[in-house]
Amino acid sequence: MENKRTFKNTIQRCGSDKILPLAIVYMFYIILHGHLSPGGGFQGGVLMVAIVVLLYFGHGYETTVRAINPHFLHGAEGFMSVLYVAAAMFGIAYLGNFCQNVFYNIGNIGDLFSSGTIFIMDSIVGLKVLTGVGALAITMLGVLMAEYAGEKK
């Protein structure tokens, strides 16, 4: 029985280790190209849940918490909120409105840096959602682990 369990864990760990880098690259691709196509920062940030779950399935809760510190993510989420407001103030600084796209004439259409302030704000939203959803997913896994440990006693 123990050999089957070890074999299953090895396959699960190897599978998650193979998919994890691809998921990370895909998440940042969606975040960085959100202003050019449907998707965007929010959807790319939500992919962080897949990364947390893959890490949890492959290596367990303790390794997940060591690799992705929820306290750091929580602090980074607050910093991203401040950064978003600072980027949104560009509009007011250039005698426009809050969240106004003031750098719209930079770059060529379809290029990565072609949408001015929208690219900056969309990337910040992606990082904010990434940090918030990542911390939330790890916290939820911690609650589930505590409940599971309580049932085993």
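Our structure's up above, just so we're on the same page.
Just so it is clear, the model here is predicted, and its values are computed rather than measured.

Focus on the nonpolar core
Phase 1 of the analysis: Core analysis: the largest hydrophobic core is formed by 16 residues, its most contacted members being Met27, Met48, Ile51, Val52 and Ile68.
Phase 2 of the analysis: Look past the residues within four positions of Val52 in its chain and what remains in contact with it is Thr64, Ile68, Gly134, Ala137, Ile138 and Leu141.
Phase 3 of the analysis: Met80, Ala88, Met121 and Ile124 belong to the second largest nonpolar core, which has five residues in total.

A look at helix H3 (residues 48–59)
Phase 1 of the analysis: Spanning 12 residues, H3 covers 16 Å between terminal C-alpha atoms, matching the ideal 16 Å at 1.5 Å per step.
Phase 2 of the analysis: Every buried residue of H3 is accounted for by Met48, Ile51, Val52, Leu54, Leu55 and Gly58. Around the axis of H3, the buried residues are gathered within 165 degrees of arc, so they sit on the same side.
Phase 3 of the analysis: The first or second residue beyond H3 is Gly60, which carries a positive phi of 95 degrees.

The rules behind each value
- Residues numbered from 1 in each chain as written.
- Predicted model: local features only at pLDDT ≥ 70, side-chain atom pairs only at ≥ 80, totals over all residues.
- Heavy atoms only, no water.
- Core = buried A, V, L, I, M, F, W, Y, C linked by side-chain atoms within 4.5 Å.
- Buried < 20%, exposed > 50% of the residue type's maximum accessible area, 1.4 Å probe, protein only.
- Contact = heavy atoms within 4.5 Å.
- Helix = DSSP H or I, 4+ residues; strand = E, 2+ residues; numbered from the N terminus.
- Expected span 1.5 Å × (residues − 1).
- Arc of directions from axis to C-beta.

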